[in-house]
Amino acid sequence: MKKSFFIILSVFALNSCQKEIDLDLSDQSGNIVIEGNVTDVAGSYTVKITKSVGFSQPNQYPAVTGAQVILSDNTGQTETLQYTGNGEYKTNTFQGIPGRTYTLKVQAEGKQYTAQSTMPQAVELEGLAQDSFKVGDKTTYTILPVFTDPAELGNRYLFSVTINDLSKKYISVLSDNLNNGLPNQWSLGLPNDDNKGRDHEVVPGDAIHVEMQSIDTNIFTYYSALLQITDGYGSVTPANPPSNINNGALGYFSAHTVRSLTFEIQ
């Protein structure tokens, strides 16, 4: 079964452009799922390789072992990742640097998969500001990431929010198409008791951790589509938005910068 969705490419108020993307929603159980990240933060980077399961199956994804995973960049840096269990392959010495283009090559189960991602220059997260408003007897909170978009057009951002160090993440993406070169004016909504399956109602004293990623256009498109599928909540699970990995693999490969801050709700 194939359905067409209208994907609002900013998902939020800063960009009203729309693009129709075909998402194949047929049962793709047994497909390779690759989730890889390289950042500008020193340390080990992980590529996770699993198999997809049917829509009606539990979210338990079989690990793919015995794969060859090679990460390289356009300056000649290269490393073969080591398997550490649970479908995860990790780097040892590889270093992500903004402005470089990264290539991921995976040889698994007789097929080769490749992907590229260019790490944007970092945009600094200068602070977090709180706002709140009443709806009946409930108080709803939002967080404003404080940053200034660079003058050049084409910046894309992903925000990952966790509350009180809980494992669940709330994912949002943002484009600068209608607010290029200006201070950010868009707030991150925080969970409330709205019957959408969110597992925590934010109250004063909660610690809100915000991670801001500068991402490339392909990753922005991937997460925009994924948010349409999942309504933006729940774990980011392997679905089938448009991947930047070739040869039929599901998932994504992202080279991005990371800036993060924590804020306590007052």
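1. As for the sheet that holds strand β5 (residues 68-73)
Now for step 1: In spatial order, the strands read β6-β5-β9-β10; together these four strands make up an open sheet with antiparallel pairing. Of all the strands in the sheet, the pair left with one neighbour each is β6 (78-80) and β10 (111-118). Strand-to-strand twist in this sheet, taken as the mean axis angle between neighbours without regard to direction, amounts to 15°.
Now for step 2: Judged from the eight bridges that link them, strand β9 (residues 101-108) and β10 form a sheet pairing that is antiparallel. Its bridge partner being in β10, L104 is matched across the sheet by A115.

2. A word on the pattern of salt bridges
Now for step 1: The full count for this structure, using the stated rule, is seven salt bridges.
Now for step 2: For D40, the salt bridge is made with R259, and the minimal N-O distance between the two is 2.9 Å. Of this pair, D40 sits in the loop between β3 (32-39) and β4 (46-51) while R259 sits in strand β17 (residues 250-264), placing them 219 residues apart in sequence.
Now for step 3: D40 gets classed as buried once you look at its relative accessible area, which sits at 17%.
Now for step 4: Between D73 and R100 there is a salt bridge, with the nearest N and O atoms lying 2.9 Å from each other. Note that D73 is positioned in strand β5 and R100 in the loop between β8 (88-90) and β9, a separation of 27 residues in sequence.
Now for step 5: Within the structure, one salt-bridge network assembled from shared partners comprises D40, E124 and R259.

3. What about the pairing of strand β14 (residues 170-175)?
Now for step 1: Among the six residues of β14, six are classified as buried, and the element is accordingly described as predominantly covered.
Now for step 2: Burial along β14 is two-sided: the face carrying Y170, S172 and L174 and the face carrying I171, V173 and S175 are both buried.
Now for step 3: Both strand β13 (residues 156-163) and β14 contribute to a ladder of six bridges, which runs antiparallel. Looking across to β14, one finds that V161 is bridged to Y170.

4. Observations concerning the nonpolar core
Now for step 1: Within the largest apolar cluster, 24 residues are counted, with the highest numbers of intra-cluster contacts made by I32, I34, V38, I49, V69, L104 and V106.
Now for step 2: Of all the elements in the fold, those that place two or more residues in this core are β3, β4, β5, β9, β10 and β17.
Now for step 3: When residues in this core are grouped by element, the largest group, four residues, is from β9.
Now for step 4: Excluding anything up to four places from it in sequence, V38 contacts Y45, L71, F94, G96, Y102, M119, F253, S254, A255 and H256.
Now for step 5: Ranked by size, the runner-up nonpolar core spans 21 residues in total, among them L125, L174, V202 and V210.

Definitions and limits used
- Residues numbered from 1 in each chain as written.
- Predicted model: local features only at pLDDT ≥ 70, side-chain atom pairs only at ≥ 80, totals over all residues.
- Heavy atoms only, no water.
- Pairing = 2+ DSSP bridges.
- Helix = DSSP H or I, 4+ residues; strand = E, 2+ residues; numbered from the N terminus.
- Axes fitted to C-alpha atoms, helices over the stretch in contact; angles between N-to-C directions.
- Salt bridge = Lys/Arg side-chain N within 4 Å of Asp/Glu carboxyl O.
- Buried < 20%, exposed > 50% of the residue type's maximum accessible area, 1.4 Å probe, protein only.
- Core = buried A, V, L, I, M, F, W, Y, C linked by side-chain atoms within 4.5 Å.
- Contact = heavy atoms within 4.5 Å.

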